[in-house]
Structures are given as C-alpha cells and as structure tokens.
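# A look at the structure
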Amino acid sequence: MAAQAGGGQKPFHIVSPLLESLPLSRAASTKVLMKLENVQPTGSFKIRGIGYQCQEAVKKGCHHFVCSSGGNAGLAAAYAAKKLGVPITVVVPRSSGPIPKFKLEELGAKVEVYGKVWDDANSKAQELVKTEGWVSIHPFDDPLVWQGHASLVRELKDSLENKPDAIVLAVGGGGLLAGVVAGLHQVGWQDVPIIAAETRGAHSFHEALEAGKIVTLPDITSVATCLGAKTVAARALECTKECQVMSEVVEDTEAVGAVEQFLDDERMLVEPACGAALAVLYTGRLQQLQREGRLRNPLASVVVVVCGGSNIDMDQLRALKSQLGME
C-alpha cells in the first residue's frame with residue numbers, strides 16, 4: 001500500500017524499495033541507500049506528485065488534461081489519466097526523442113511534438129489549456145505536485161531507524177527538490193542536507209543559486225533532456241532558505257558514465273538525468289564536500305534518489321556515448 005499523499009484516495013505510486021548499494025558505498029566511502037523510484041509504475045518519481053495533482057483536478061470537474069513534458073511527467077500524467085478515465089494531450093519537445101512519444105501513445109495519450117526544448121512545449125500547452133474544461137498538469141511547478149512528492153520522505157522515515165546524513169537528488173525544474181523539502185518539514189528532518197545535482201547545460205538551479213534570483217538559461221545544451229528546464233521553479237530557490245541545499249554540476253560525460261557504471265553495478269538502466277545524481281557519488285564529489293567541511297565526516301549513511309529510467313534504452317545509451325566521444 002502506498003503512502004497517502006492526502007485526501008483519502010489510494011495513490012497511483014507504490015512504496016519504492018530502499019536498498020543498500022555496495023558499489024556506490026565503496027565509491028562514496030559511506031553507506032549509500034538507493035531509493036528506487038525507477039521502479040514506479042511509470043518509471044520515475046513523477047507519478048507521486050502528478051498522480052495526486054490529477055486526482056485533485058478530477059475532483060474539481062476537469063474534463064481533459066494537458067501536460068508539457070520532457071518525458072517522465074507526461075508518462076505519469078498519461079498513466080493517471082488512463083486510470084481516471086480522462087483524455088489527455090501531452091506536448092513534448094523534439095529533444096525528447098521517440099521513446100516517450102511511443103510510450104505516451106501506448107497509454108492512450110494524444111501527443112503533440114512542439115519546439116526544441118521543454119520550455120517551448122510548455123508555451124504550446126498553455127495555449128491548449130484555454131479550452132473550457134481542460135486543466136494544465138504542470139510537470140514540476142505546483143504545490144500539489146510537491147505535496148505528492150513529499151511522500152518519498154515519509155517512506156524514508158518509515159523505513160530508516162535513523163535519519164540519513166544527506167540526500168542526493170537530481171534537479172530539473174525543481175519539483176523533486178521542493179517535494180523532498182516539504183517531506184523533510186513533515187517528518188522533522190529539516191537539518192538533513194540535500195545535494196542537488198544537475199548537468200552542465202541544464203543547470204538553471206545552480207545559476208539561480210549563484211545569482212540569488214531566478215535565471216533563465218539561453219538554451220539547453222545538455223544531453224540530460226529530462227533536466228532541461230531553462231528556468232527553475234521559484235520554489236526551488238526558496239527551498240535553499242529552509243534547508244541546507246548544496247548544488248553540484250556534473251558534466252554530461254560524467255552523468256552518462258554514471259549511467260553505464262550503474263548498469264554494470266546494479267543491473268538497472270537509468271537516464272542521464274538520474275546519472276547526474278549518481279555521478280556525485282561515483283566521482284568523489286561527496287568526499288570533496290566533506291573535505292570542504294560542508295558535510296560531516298564520517299557520514300553514517302546517504303540516500304540517493306534513483307529518480308527514473310523510462311526514456312532510455314541500450315541503443316540510446318550507445319548513441320549518447322558516441323555523441324559525447326566516449327566510445
């Protein structure tokens with residue numbers, strides 16, 4: 001039975017496994033626990049918040065969902081729409097590639113491909129949602145999404161005897177970060193540091209943190225297209241005033257290398273977006289934060305959110321390696 005997001009309805013997500021990874025523990029020189037969100041019904045954590053958002057929208061009389069997505073959010077919305085019996089239109093950018101489009105159509109969604117990056121697709125979705133009875137399901141910037149994602153931390157609280165010394169996660173638009181911070185407040189873990197990972201070229205959160213205000217990137221140049229929001233949610237920046245949030249930017253080659261290493265180590269194929277968080281552990285950045293005095297030393301345990309892997313296959317992994325000159 002999944003942890004309730006609220007409202008008494010049975011949620012669409014499952015209580016995901018929390019497993020220790022010996023290879024990641026060796027790499028990070030501390031006990032690493034994987035929160036396996038890649039085994040959710042739609043392959044990512046997105047079903048937590050978006051499923052809850054869709055349920056609430058139907059309560060208010062929604063007749064049609066509209067979602068803009070780089071892939072995972074759309075899959076979560078399409079899955080929820082199918083379960084709720086509500087039609088859905090998902091707008092994806094060209095950068096998403098063929099895998100999410102096929103999976104969305106398989107779930108019964110109408111798919112429109114528009115623009116180069118997510119921000120373009122989102123502008124198209126905002127036009128569509130002007131139709132009466134149609135409701136926008138935002139992939140990351142909505143309090144209902146954050147509330148749904150907070151269930152992840154409540155599950156950690158239920159599973160662990162002691163709180164972790166840090167949580168490592170990937171940041172795209174900032175919805176997961178906002179949800180985790182909401183969850184930390186709910187369970188009284190506000191002092192647990194968060195390490196927020198992005199790839200260079202999709203690092204809108206890092207730029208906002210450096211500037212102390214929201215910054216819009218000129219373009220998304222990273223291969224981690226699921227992290228590809230040119231502007232992070234304002235709430236993500238607010239979170240840094242409520243909890244200790246450390247931003248880490250990894251290179252595309254490091255993220256893709258982490259994907260390949262994780263496949264060898266744990267027999268699971270995840271996306272470069274997820275690889276960004278894994279790269280923090282594989283590349284020694286955790287130990288660097290300890291040397292800088294920003295994390296305690298020694299660490300008893302660290303949780304990494306393995307956020308998803310629905311938009312990748314072996315052919316795409318090989319193509320990414322070739323594109324980045326890693327062959």
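All of these numbers come straight from a predicted model, not from anything done at the bench.

### Here we look at unusual backbone geometry
For the bond running from N297 to P298, omega is 5°, close enough to zero to count as cis. A positive phi angle, close to 60°, is found at S29, a residue other than glycine. The exposure class of S29 is exposed, given its relative accessible area of 56%. In the Ramachandran plot, R267 falls in the positive-phi region, its phi being about 60° despite a non-glycine side chain. Turning to its location among the elements, R267 is positioned in the loop between α11 (252-266) and α12 (272-282). Take R267: its relative accessible area is 67%, and that puts it in the exposed class.

### Examining the sheet that holds strand β5 (residues 110-113)
Taking strand neighbours across the sheet as the criterion, the four strands line up as β5-β4-β3-β6 in an open arrangement whose pairing is parallel. In this open sheet, the two strands that pair with only one neighbour each are β5 and β6 (134-136). When strand polarity is set aside, the average angle formed by the axes of neighbouring strands in this sheet is 20°. Two elements, strand β4 (residues 88-92) and β5, share four bridges in a ladder whose sense is parallel.

### What about the packing of α11 against helix α14 (residues 314-323)?
The interhelical angle for the contact between α11 and α14, taken along N-to-C directions, is 140°, at an axis separation of 10 Å. Here α14 runs oblique to α11, going by the angle between their axes. Of the two possible hands of crossing, α11 and α14 adopt the one that is left-handed. Contacts between α11 and α14 involve V256, V259, E260 and L263 on the former and, on the latter, M314, L317, L320 and K321. A class-by-class count of the residues in the contact of α11 with α14 yields six nonpolar, no polar and two charged.

### Overview of the environment of A166
Looking at the secondary structure, you find A166 in strand β7 (residues 166-170). A166 sits 22 residues away from L144 along the chain, and the two C-alpha atoms are 25 Å apart. Beyond its immediate stretch of four places on either side in the chain, A166 contacts V192, P193, I195, L295, S301, V302 and V303.

### Examining the pairing of β4
Burial runs high along β4: five of the five residues are buried. What you see with β4 is no split at all: I88, V90 and V92 on one side and T89 and V91 on the other are buried throughout. Crossover handedness for the path strand β3 (residues 64-68) to helix α3 (residues 72-84) to β4: right-handed. Regarding topology, helix α4 (residues 98-106) serves as the crossover connection from β4 to the parallel β5, and that connection is right-handed.

### Here we look at the domain arrangement of the protein chain
What the domain assignment lists for the protein chain is domain 1 (18-45 + 142-324) and domain 2 (46-136). One C-alpha centre belongs to domain 1, the other to domain 2; they are set 24 Å apart. In this assembly, 30 residues from domain 1 lie in contact with 22 residues from domain 2. Three residues stand out in domain 1 for area buried against domain 2, namely T42, L144 and N311, and they jointly supply 25% of the buried area on that side. Where domain 1 packs against domain 2, one counts three salt bridges. Across the salt bridge formed by D219 and K116, the nearest N and O atoms sit 2.7 Å from each other. Among the elements of the structure, α6 (143-149) and α7 (151-159) are those that each provide at least two residues to the side of domain 1 that touches domain 2. Here the side of domain 1 that touches domain 2 takes five residues from α6, the largest share from any one element. Within the side of domain 1 that touches domain 2, the residues separate by chemical class into nine nonpolar, 13 polar and eight charged.

### Brief notes about the packing of aromatic side chains
A complete count under the given rule lists two aromatic pairs for this structure. Summarising the aromatic geometry, the rings of F12 and Y79 are spaced 6.4 Å apart at their centres and angled 85° between planes, so their arrangement reads as edge-to-face. You can see F12 sitting in the segment before β1 (18-20) and its partner Y79 sitting in helix α3, a full 67 residues away along the chain. Judged by its relative accessible area of 16%, F12 falls in the buried class. Ring geometry for W118 versus F140: centroids 5.1 Å apart, planes at 50°, classification tilted. With W118 in helix α5 (residues 118-128) and F140 in the loop between β6 and α6, this pair connects stretches of sequence that are 22 residues apart. Overall, W118 belongs to the buried group, its relative accessible area being 9%. Residue F140 is classed as buried on the basis of its relative accessible area, which comes to 6%.

### Notes on the environment of H206
By the element assignment, H206 lies in helix α9 (residues 204-211). A sequence separation of 121 residues divides H206 from E327, and the C-alpha atoms of the two residues are 29 Å apart. Residues within four places of H206 in sequence aside, it is in contact with E198, S247 and V249.

### Here we look at the sheet that holds β7
What the six strands build is an open sheet, ordered β1-β2-β10-β7-β8-β9; its pairing is mixed. Since the sheet does not close on itself, it has two edges, and those belong to β1 and β9 (245-250), each with one partner. Geometrically, the sheet is characterised by an average inter-axis angle of 25° between neighbouring strands, direction not taken into account. Where strand β2 (residues 31-36) and strand β10 (residues 301-306) come together, six bridges link them in parallel fashion. Bridged to L36 within β10 is V306. This element, helix α8 (residues 175-187), spans β7, β8 (194-199), β9 and β10 of the sheet and lies at about 155° to β7. Contacting β8 and β9, α9 crosses the sheet at an angle of about 130° to β9.

About the criteria used
- Residues numbered from 1 in each chain as written.
- Predicted model: local features only at pLDDT ≥ 70, side-chain atom pairs only at ≥ 80, totals over all residues.
- Heavy atoms only, no water.
- Buried < 20%, exposed > 50% of the residue type's maximum accessible area, 1.4 Å probe, protein only.
- Helix = DSSP H or I, 4+ residues; strand = E, 2+ residues; numbered from the N terminus.
- Pairing = 2+ DSSP bridges.
- Axes fitted to C-alpha atoms, helices over the stretch in contact; angles between N-to-C directions.
- Parallel < 35°, antiparallel > 145°, perpendicular 65-115°, else oblique.
- Left-handed = near helix turned anticlockwise from the far one by under 90°.
- Contact = heavy atoms within 4.5 Å.
- Nonpolar A, V, L, I, M, F, W, Y, C, P; charged D, E, K, R; others polar.
- Right-handed = clockwise from strand over helix to strand, strands pointing away.
- Domains from an automatic or database assignment.
- Buried area = accessible area lost by both parts, 1.4 Å probe.
- Salt bridge = Lys/Arg side-chain N within 4 Å of Asp/Glu carboxyl O.
- Phe/Tyr/Trp six-rings, centres within 6.5 Å; stacked < 30°, edge-to-face > 60°.

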